[in-house]
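# Summary of the model geometry
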Amino acid sequence: MVSVINTVDTSHEDMIHDAQMDYYGTRLATCSSDRSVKIFDVRNGGQILIADLRGHEGPVWQVAWAHPMYGNILASCSYDRKVIIWKEENGTWEKTHEHMGHDSSVNSVCWAPHDYGLILACGSSDGAISLLTYTGLGQWEVKKISNAHTIGCNAVSWAPAVVPGSLIDQPSGQKPSYIKKFASGGCDNLIKLWKEEEDGQWKEEQKLEAHSDWVRDVAWAPSIGLPTSTIASCSQDGRVFIWTCDDASGNTWSPKLLHKFNDVVWHVSWSITANILAVSGGDNKVTLWKESVDGQWVCISDVNKGQGSVSTSITEGQQNEQ
Amino acid sequence: MEELDGEPTVTLIPGVNSQKKQMCFDWGPGEMLVCETSFSKKEKSEMVPGCPYIHIIRKDIDVYCKILRKLFNESHGIFVGLQRIEEELTGKSRKAQLVRVSKNYRSVIRACMEEMHQLATGPLLLHLLDWVRLHVCEVDSLSADVLGSENPSKHKDFWKLVTVLVLQGRLDEARQMLSKEADASPSSAGMCRVLGDLMRTMPVLSPGNTQTLTELELKWQHWHEECERHLQDGTFASSPHLEALCKIMLGDEAALLEEKELLSNWYHFLVTRLLYSHPTVKPMDLHRYAQSSLDVFLGGESNTEPLDNILLAAFEFDIHQVIKECSTALSNWWFVAHLTDLLDHCKLLQSHNLYFGSNMREFLLLEYASGLFAHHSLWQLGVDYFDYCPELGRVSLELHIERIPLSTEQKALKVLRVCEQRQMTEQVRSICKILAMKAVRNNRLGSALSWSIRAKDAAFATLVSDRFLRDYCERGCFSDLDLIDNLGPAMMLSDRLTFLGKYREFHRLYGEKRFVDAAALLLSLMTSQIAPRSFWMTLLTDALPLLEQKQVIFSAEQTYELMRCLEDLTSGRLVHGEPDAQQLQDDDIETTKVEMLRIGLARNLARSIIKEGSLEGS
């Protein structure tokens with residue numbers, strides 16, 4: 001039984017494009033075509049507007065919270081080709097960095113696992129992916145992968161950090177060496193896996209081909225301690241694939257079709273323990289999927305937008321579960 | 001759980017009807033966000049304003065019901081106790097223990113139901129025990145009512161009470177009621193006595209009874225016939241109440257159905273029916289009687305409810321079906337998780353292999369425990385449940401525990417203790433780092449330092465130590481002296497931290513006027529390379545007062561060392577490019593300091609040489 005426990009009135013003046021909970025589920029960030037990014041405190045079923053951030057000059061497509069150990073940091077990306085990083089300093093939210101290295105709309109931002117440091121990946125319609133690394137004292141280092149996807153890159157998603165075996169033996173003060181990887185999806189119908197080489201450059205490690213139209217979203221599943229890696233991808237072609245890789249070398253990825261929808265599938269996302277995949281499609285629904293015992297993916301719930309007359313008040317009677 | 005027999009549940013989110021809009025969403029740690037959006041990105045804004053609402057949705061909101069919290073807490077204790085039985089007992093004593101666990105669960109449920117019953121409002125979340133509420137709790141209060149009145153047998157509900165007691169097979173209590181009626185109304189005393197005798201003599205199979213089933217059957221047949229005879233003879237003809245009771249005791253279906261309201265549901269009807277017509281029913285026949293009871297009672301009026309399906313499955317001893325039905329019908333995982341766990345311990349469950357958890361028990365426990373983590377204090381119960389899930393319990397705990405908001409220091413400490421007890425070093429490090437960073441941002445350096453020590457995070461300890469040292473340079477004193485003074489072996493965590501500790505020790509020695517020791521320590525800080533280069537000037541400046549003491553503190557050897565350090569330092573400082581005004585001013589100060597040091601060192605050298613060269617002791 002699924003129930004609405006809170007409804008936040010964002011007062012955005014235009015379409016909302018993204019909403020993200022912070023790490024603890026206490027704060028909510030939203031962004032909209034009205035060019036603003038808003039932050040709400042949603043503890044205990046309440047909604048208090050904490051910040052109304054202006055700075056973008058076009059619709060804002062996505063927001064992403066950084067890991068709390070770095071403080072309260074939020075990234076946003078927009079049609080205006082900018083990526084802005086906002087930070088809460090002494091109780092107020094301010095712009096702490098602006099990245100203008102793209103020639104076209106920036107569609108997706110994703111923070112790397114906190115173990116790697118403070119690193120942000122950004123995917124843009126100019127086909128490039130840029131990686132911003134915080135190096136201290138307000139400085140951000142930029143690495144750019146040009147032509148990552150022809151026509152444009154729509155989504156980026158980091159692989160979970162794998163603890164290297166030698167972590168315990170590291171001399172004190174030294175940072176352990178992780179193998180950093182992330183996945184990207186683009187208008188070339190491909191999903192690409194990228195790996196950071198020892199010299200700090202990013203190299204394309206794998207190409208995953210199965211979609212017949214633009215890849216709209218990719219989501220790398222959190223690690224649950226099994227040796228397999230799992231990625232979900234969705235596309236304009238209405239398909240959602242689950243890619244799994246079993247071997248330790250990470251070379252063979254096999255796709256399994258989750259479902260073929262009747263319309264574009266825009267967004268996929270894993271729950272924090274990776275046992276449920278949520279899929280949002282053009283059919284006005286969010287569906288939840290789980291893997292069953294025989295390896296088939298089963299839809300366990302439909303979350304549907306309400307049909308009926310325009311209404312701004314939510315009463316008990318309108319919440320309806322079958 | 002392999003196939004879904006029905007369509008997945010559709011949850012409608014109240015919102016604006018539209019053709020072109022979709023729903024975007026995000027996972028929170030325990031919930032989901034949904035809102036209306038349009039994914040096809042258009043640059044121009046739409047003429048029609050979108051829906052500005054974001055809905056936060058969650059399943060298992062029952063976790064937040066206050067009454068259930070008590071249930072969760074108490075059942076948690078029983079659960080943990082059950083897991084530990086495994087290790088200790090075998091055979092008969094084990095079986096007895098398992099039965100006791102079941103009874104404990106039942107009594108906890110009953111206590112919860114009683115509390116719920118007292119609340120007139122609120123949904124009944126555990127429908128399965130509806131009859132406990134109605135037939136135990138309600139009867140008790142009815143009984144108290146009637147017996148408490150002046151003339152119990154004249155109470156308006158008297159016969160209702162007696163009937164209910166008979167329906168529930170509580171014949172001793174029914175007999176006591178009848179004796180009150182006999183006392184109050186002599187005319188019916190004879191009849192009451194007869195009926196009372198019948199009640200007393202009804203053969204029952206009780207534990208400790210050595211008779212066989214066949215013997216019991218025989219006895220019961222005789223008793224049944226005796227009741228029938230009384231009915232035929234019209235013994236109770238003048239009291240419709242007593243006659244009705246006799247018919248019930250004969251298992252007369254029509255008489256039972258007369259009392260539909262008191263029975264209130266088909267499974268009570270089933271039990272009463274079996275009690276008075278087939279007392280020796282065999283388990284394998286149960287489901288037949290169950291099905292027919294359901295049909296007769298409902299009379300084809302209403303459809304079966306999910307609860308009915310659960311019970312029918314239970315009467316067929318189809319455990320998997322029971323679990324399946326429960327999972328779909330009930331609103332949270334509490335019942336089905338505990339039930340499955342108990343059944344597993346009784347070895348009644350053949351496991352299926354599921355991807356999430358190696359067997360069904362673990363799958364259900366994981367679901368239940370995950371739900372608990374959404375609650376600000378019940379998460380602590382969830383920890384134990386994860387502990388007893390051997391396959392995915394640990395990793396699930398790791399993922400969930402990091403997401404607990406660390407709103408207070410006590411909460412943070414609780415969470416850390418849980419992680420430390422389980423050697424979850426990554427989580428400890430991550431949580432301590434978050435707290436350390438927060439402390440640094442709020443300028444609580446002592447707190448930051450202790451968190452980084454607890455996290456065994458050398459890099460961060462270095463960072464905080466640097467801040468301490470910088471603070472000292474700016475303000476001339478240390479904060480959080482207590483902490484630094486009592487670092488102990490933790491000092492070894494990072495070089496910078498060691499330096500901080502030792503440097504503070506130097507100041508202490510100086511304060512205690514143990515100048516020689518202080519001097520030796522100061523020198524060693526530089527020569528052992530523990531002190532960062534950037535700090536050497538400060539150290540040398542600290543040496544000045546020691547150089548200017550009346551007595552000679554630094555030996556000649558030590559003075560040479562100091563001089564070497566100074567030259568080392570100054571030779572490394574070359575000015576690059578054009579110095580600006582500030583730099584010149586700084587340079588000025590530097591130069592003065594260096595000069596003062598050189599003079600001081602030279603003087604000390606002279607004095608120490610003389611002292612060491614002369615013949616006196618000391």
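Computed from a prediction, not measured in an experiment: that's the story for all the values here.

### Here's the deal with the overall build of chain A
- Secondary structure summary: chain A contains 0 helices and 26 strands in total.
- Here chain A, with 322 residues, has 60% of them falling under the buried criterion.
- A separation of at least 24 residues holds for 42% of the contacts in chain A among residues at least 6 apart in sequence.
- When the accessible surface of chain A is totalled, it reaches about 13100 Å², and 45% of it is carbon and sulfur.

### Here we look at the packing of aromatic side chains
- Applying the stated criterion across every chain, the model contains 31 aromatic pairs over all chains.
- Between Tyr 134 of chain A and Trp 140 of chain A, the ring centres sit 5.1 Å apart and the planes meet at 55°, which makes this aromatic pair tilted.
- Residue Tyr 134 of chain A is classed as partly exposed on the basis of its relative accessible area of 33%.
- On the basis of an interplanar angle of 65° and a centroid distance of 5.2 Å, the ring pair of Tyr 510 of chain B and Phe 515 of chain B is categorised as edge-to-face.
- Here the aromatic residues Tyr 472, Phe 499, Tyr 503, Phe 506, Tyr 510, Phe 515 and Phe 535 of chain B are joined through ring pairs into a cluster of three or more.
- Here the guanidinium or amino end of Lys 180 of chain A rests over the ring plane of Tyr 116 of chain A, the centre of that ring lying 5.8 Å away.
- Above the face of the Tyr 289 of chain B ring, Arg 288 of chain B is positioned so that its terminal group lies 5.7 Å from the ring centre.

### As for the packing of helix H19 (residues 409–421) of chain B against helix H20 (residues 425–441) of chain B
All names here are of chain B.
- Orientation of H19 relative to H20, taken along the N-to-C sense of each, is 160°, at an axis distance of 9 Å. Put simply, H19 runs roughly antiparallel to H20. Taken as a pair, H19 and H20 cross one another with a handedness that is left-handed. Touching Ala 412, Val 415, Leu 416, Cys 419 and Glu 420 of H19 are Gln 427, Val 428, Ile 431, Cys 432 and Leu 435, all from H20.
- Per-class residue counts for the contact of H19 with H20 are 8 nonpolar, 1 polar and 1 charged.

### Describing the pattern of salt bridges
- Overall, the coordinates contain 38 salt bridges over all chains when judged by the stated rule.
- Among the ionic pairs, Lys 143 of chain A bridges to Glu 196 of chain A, the shortest N-O distance being 3.6 Å. Of the two residues, Lys 143 of chain A is situated in strand S13 (residues 139–145) and Glu 196 of chain A in strand S16 (residues 190–196); the sequence distance between them amounts to 53 residues.
- Lys 143 of chain A sits in the partly exposed class, given a relative accessible area of 21%.
- With a shortest N-O distance of 2.7 Å, Glu 420 of chain B and Arg 454 of chain B are connected by a salt bridge. With Glu 420 of chain B in helix H19 and Arg 454 of chain B in helix H21 (residues 445–454), this pair connects stretches of sequence that are 34 residues apart.
- For Glu 420 of chain B, a relative accessible area of 31% translates into the label partly exposed.
- If you follow the salt bridges from partner to partner, you end up with Glu 57, Lys 82, Lys 95 and Glu 98 of chain A in one network.

### Looking at the UniProt feature "repeat: WD" (unreviewed entry) in chain A
Residue and element names in this part refer to chain A.
- When the UniProt feature table is mapped onto this chain numbering, "repeat: WD" (unreviewed entry) sits at residues 9–50, 53–96 and 208–243.
- Here residues 9–50 is 0% helix and 50% strand, with 13 Å between the C-alpha atoms at its ends.
- A distance of 9 Å separates the end C-alpha atoms of residues 208–243, which is 0% helix and 56% strand.

### Some points on the sheet that holds strand S20 (residues 239–245) of chain A
Residues and elements named next belong to chain A.
- Taken in spatial order, the 4 strands make up an open sheet running S18-S19-S20-S21, and their pairing is antiparallel. The open sheet is flanked by strand S18 (215–220) and strand S21 (253–260), the only strands paired with a single partner. For this sheet, the mean inter-axis angle between neighbouring strands, taken without regard to orientation, is 20°.
- Bridging between S18 and strand S19 (residues 229–235) involves 5 bridges; their strand directions are antiparallel. Bridge assignment links Asp 217 to a residue of S19, and that residue is Cys 234.

### Things to note about the nonpolar core
- Among the nonpolar cores identified, the biggest contains 155 residues, and Trp 111, Leu 120, Val 240, Leu 277 and Val 279 of chain A together with Tyr 503 and Leu 539 of chain B are the most heavily contacted of them.
- In contact with Tyr 503 of chain B, other than residues within four places in its own chain, are Leu 469, Tyr 472, Phe 478, Leu 525, Phe 535, Thr 538, Leu 539 and Asp 542 of chain B.
- One finds Leu 171, Leu 195, Leu 298 and Leu 311 of chain B within the second-largest nonpolar core, a separate group that totals 53 residues.

### Points about the sheet that holds strand S8 (residues 83–89) of chain A
Residue and element names in this part refer to chain A.
- With antiparallel pairing, 4 strands are arranged side by side in an open sheet as S6-S7-S8-S9. The open sheet has two edge strands with one neighbour each: strand S6 (60–65) and strand S9 (92–99). The mean angle between the axes of side-by-side strands here comes to 25°, regardless of whether they run parallel or antiparallel.
- By the bridge criterion, 7 bridges tie S8 to S9 in an arrangement that is antiparallel.

### A look at the side chain of Ser 32 of chain A
Residue and element names in this part refer to chain A.
- Following the sequence through the fold, Ser 32 ends up in strand S3 (residues 27–32).
- Looking at Ser 32, its side chain comes within polar contact range of the main-chain oxygen of Asp 14, at 3.2 Å.
- Setting aside chain neighbours within four positions, we find Ser 32 in contact with His 12, Asp 14, Met 15, Ile 16, His 17, Pro 59 and Val 60.

### Details of the environment of Asn 251 of chain A
Residue and element names in this part refer to chain A.
- Relative to the elements of secondary structure, Asn 251 occurs in the loop between S20 and S21.
- Expressed as a C-alpha distance, the spacing of Asn 251 and Cys 77, which sit 174 residues apart in the sequence, is 32 Å.
- Those residues in contact with Asn 251 that lie beyond four places of it in its chain are Gln 206 and Cys 245.

### Some thoughts on the state of the cysteines
- By the definition in use, this model includes 0 disulfides over all chains.
- Looking at the unpaired Cys 153 of chain A, the closest cysteine sulfur is the one in Cys 187 of chain A, lying at 8.1 Å.
- Note on Cys 192 of chain B: no disulfide assigned, nearest cysteine sulfur contributed by Cys 246 of chain B at a separation of 13 Å.

### Brief notes about unusual backbone geometry
- One non-glycine residue with positive phi stands out, namely Asn 147 of chain A, at about 55°.
- With respect to the helices and strands, the residue Asn 147 of chain A is situated in the loop between S13 and strand S14 (153–158).
- For Asn 147 of chain A, a relative accessible area of 62% translates into the label exposed.
- For Lys 513 of chain B, which is not a glycine, the phi torsion comes out positive at approximately 65°.
- Summarising the element assignment, Lys 513 of chain B is placed in the loop between helix H24 (495–511) and helix H25 (515–527).
- Judged by relative accessible area, Lys 513 of chain B falls into the exposed class, the value being 62%.

Scoring rules and cut-offs
- Residues numbered from 1 in each chain as written.
- Chains lettered and ligands numbered in written order.
- Predicted model: local features only at pLDDT ≥ 70, side-chain atom pairs only at ≥ 80, totals over all residues.
- Heavy atoms only, no water.
- Helix = DSSP H or I, 4+ residues; strand = E, 2+ residues; numbered from the N terminus.
- Buried < 20%, exposed > 50% of the residue type's maximum accessible area, 1.4 Å probe, protein only.
- Contact = heavy atoms within 4.5 Å.
- Areas by Shrake-Rupley, 256 points an atom, 1.4 Å probe, with all protein chains shown as cover.
- Phe/Tyr/Trp six-rings, centres within 6.5 Å; stacked < 30°, edge-to-face > 60°.
- Lys NZ or Arg CZ within 6 Å of the ring centre and 35° of its normal.
- Axes fitted to C-alpha atoms, helices over the stretch in contact; angles between N-to-C directions.
- Parallel < 35°, antiparallel > 145°, perpendicular 65-115°, else oblique.
- Left-handed = near helix turned anticlockwise from the far one by under 90°.
- Nonpolar A, V, L, I, M, F, W, Y, C, P; charged D, E, K, R; others polar.
- Salt bridge = Lys/Arg side-chain N within 4 Å of Asp/Glu carboxyl O.
- UniProt positions renumbered as here; feature names shortened; annotations may be inferred.
- Pairing = 2+ DSSP bridges.
- Core = buried A, V, L, I, M, F, W, Y, C linked by side-chain atoms within 4.5 Å.
- Polar contact = N/O pair within 3.5 Å; in protein donor to acceptor, adjacent residues only side chain to side chain.
- Disulfide = S-S within 2.5 Å.

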